[in-house]
Amino acid sequence: MFFLFVKKMKKLGGYCSLVHWIINFKSYEFLGYLCAGGTAATASPCRFGISVPLYYFLGSREEIFTGSSPVPRLVKMVYIAKQPVNGKDYYYLRKSVREGDKVISKSVAYLGKTKEEAEKKFKEMEKNKQPEKNIVASKSVKNYCPTKISIEDLATFCKQKGFVFRSSDIYGGFSGFWDFGPLGVELFKNIKENWWNQFVYQKTNMVGMEASIISHPRTWKASGHIANFNDLAVICKKCKKATKIDVSEEGKVKCDCGGEYEVKGKFNLMFKTKVGSIDSEDAYLRGETAQGMFMDFKLIQQSSRMQLPFGVAQIGRCFRNEIAPRDFLFRCREFHIGEFEFFIHPEEFKCELLDEKHLNVSFRFLDEETQKAGSEVLKEVTIRNLLEKKKLDEWHAYWLAEQVIWFNGLGLNEIKIREHTKDELSHYSSATFDIDYEYPFGSKEVAGNANRGQYDLIQHQKESKQSMEIFDDKTKTKIIPRVIEPTFGIERVFLAILTKAYCDDKERGNIVLRIPAKIAPIKVAVFPLIKGEDFEKISTKIASDIGKEFNVTYDKSGSIGRRYARQDEIGTPYCVTVDGESIKDNSVTIRDRDTTKQVRLKISELKNFIKMLINEEISFENVGKIIN
Ligand SMILES: [Zn+2]
């Protein structure tokens, strides 16, 4: 069976993709592929003259390869690899999965310190027939117990713990502006990095940029922000509450008390400023990040030698002069948008990257038909369903799926997606979707996804008189690309993470903030259990060693229970305790925030396991024997 494989691949030139995979394992000594079949073979030499010892694959042909012509592509495989750490060897079961043009490799289980040990352990896992059972991704996310908390209480909690403060608090605050404290800045940075990792680093067709916050005033004329970026200031005729509504909502919405709104005036949301001399023309703080990417589109395409389709991503501060900022970080005047513009040939609607993984992405969906019927009943749908109903094109579907995948990766599985109705759509957009999250104050937009067509580039071409056309190598024609634009409100993601993570654990008697380990502000806390120089010396050495890679804290005051509680409350996923045994056998205990389970580990193995835990490459139960 296996040999058939190799022959077939040879015939089809499939070795290219094999070699490509193997080169990805640079830091690992390659021992072989593993599979249920159990046949060993050596495939050599291949066309590049590299000799590769092949053991066997894990999984069926369909699981490993996709597509049969002209070249089958590897999609997934599992193998044993040896990784030297501080001069010692550790064996892991690793899994590599192709996503687009990239291969993403992860350790899925620790197998021991010798090849024999590794093979034995792997055989045991095979016997259990469910090796994947040990691979628990986003474990911290699965057993959560969110406690309902009001947005006001969440703001108070964030202030007490140092996540978020009112801006200019000593002057009574400044409405619509917030400061991130020591923990907030870490969580916020980790969210941005996680986003950048998925959408820029893991994509071969995406590059990043950072545009200036103030740009030429004509930018905003071209984009339509000066003419159209307005809200209506309204006052309730009954309860006299002042608020704002969208221009499109005039005459359609009522106050919460049931009263009608009286329109007081139209307000442009752009923040005006003066640049240089006093009589200079008005300039604006950007109301969105998108325009920077449109204006630099050709410079990026030429300097980075990008071919269509490709995207440009950016995360940055934006400003909107909201009439009524409210709901803590949800609607503020200064905030961050993470978004990308994905440029595609205007006649290209097929997306080669759209695979089963994307088609099977599921979520709760509110379609146009349901809304028109005056209902808000959600349907459980997949991306495949939406394509079948021609709600969007393949590229649009791919990016919507990628957005959902990102949210799910952060444990935010409760998102719902709402289709914009035809009369809501901007004239340039053929389809727009809101991604909503259930916040304490209701289900509100956390992200969006618009098909912007060629609108923005054409607008800038008209206003600047500069051609926005590029030469497409594939079709040998000059074209203006069409654009898909996924957008994320980063403060809104931050708020969703905290809403989901907050858990008042009655049994423990303290708050447990179940933030996924990979984005937690502090990853590890180190405690000496016993007072004394020896214990503190070991503890600070561990802390400084882990601190080279992760944000770590050291705490020697108070009872151990109190110290655990303090870390639970700020979401620290792992606590390491140095005790009497540590001096004798160089071992420590590591405690898991979500289960309070503990495992005894050698100090020399600690950092490596912490790394695997944070990267969700191993579950806590597989780190070692649970001792409590
Ligand atoms: Zn009212």
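The structure we're discussing is the one just above.
Residues numbered from 1 in each chain as written. Predicted model: local features only at pLDDT ≥ 70, side-chain atom pairs only at ≥ 80, totals over all residues.

Q: How should I be thinking about helix H7 (residues 182–201) in this particular structure?
A: Residues spaced three or four apart along an α-helix face the same direction, because each turn holds 3.6 residues. Between its first and last C-alpha atoms H7 spans 27 Å; for 20 residues at 1.5 Å apiece the expected length is 28 Å, and the two agree. Those residues of H7 that sit buried are Leu183, Gly184, Glu186, Leu187, Phe188, Asn190, Ile191, Trp195 and Phe199. (Helix = DSSP H or I, 4+ residues; strand = E, 2+ residues; numbered from the N terminus. Expected span 1.5 Å × (residues − 1). Buried ≥ 20, exposed ≤ 12 C-beta atoms within 10 Å, placed from the backbone.)

Q: Would you mind showing me how to read the sheet that holds strand S14 (residues 261–268) here?
A: Whenever strands of a sheet pair, they do so through backbone hydrogen bonds, lying parallel or antiparallel. Pairing within the open sheet is antiparallel, and its three strands lie in the order S13-S12-S14. Both outer strands of the open sheet, strand S13 (242–246) and S14, are each paired with one neighbouring strand and no more. Along the sheet, successive strands turn relative to each other by an average axial angle of 35°, direction set aside. Sheet topology note: the strand S12 (residues 230–236)/S14 ladder contains seven bridges and is antiparallel. Bridging from a neighbouring strand, Cys236 pairs with Tyr261 of S14. (Pairing = 2+ DSSP bridges. Axes fitted to C-alpha atoms, helices over the stretch in contact; angles between N-to-C directions.)

Q: Can you walk me through the sheet that holds strand S17 (residues 310–319) in this structure?
A: Taken in spatial order, the nine strands make up an open sheet running S11-S17-S18-S26-S23-S22-S21-S19-S20, and their pairing is mixed. Each end of this open sheet is capped by a strand with a single partner; those strands are strand S11 (206–208) and strand S20 (379–382). Adjacent strand axes in the sheet meet at a mean angle of 30° when their direction is disregarded. Relative to strand S26 (residues 482–489), strand S23 (residues 442–453) runs antiparallel, the two being bridged by six bridges. Residue pairing in the sheet places Ala447 in a bridge with Phe488 of S26. Set on the sheet, H7 makes contact with S11, S17, strand S18 (334–344) and S26; between it and S17 the angle comes to about 160°. (Contact = placed C-beta atoms within 7 Å.)

Q: Which parts of the structure should I look at to understand helix H19 (residues 560–570)?
A: Among the residues of H19, Tyr564, Gln567, Asp568 and Ile570 are the ones counted as buried. Contact partners of the buried residues in H19: helix H6 (151–161), H7, strand S28 (510–513), strand S29 (524–528), strand S31 (574–578) and strand S32 (587–592). Phi turns positive, to about 85°, at Gly571, one or two residues after H19.

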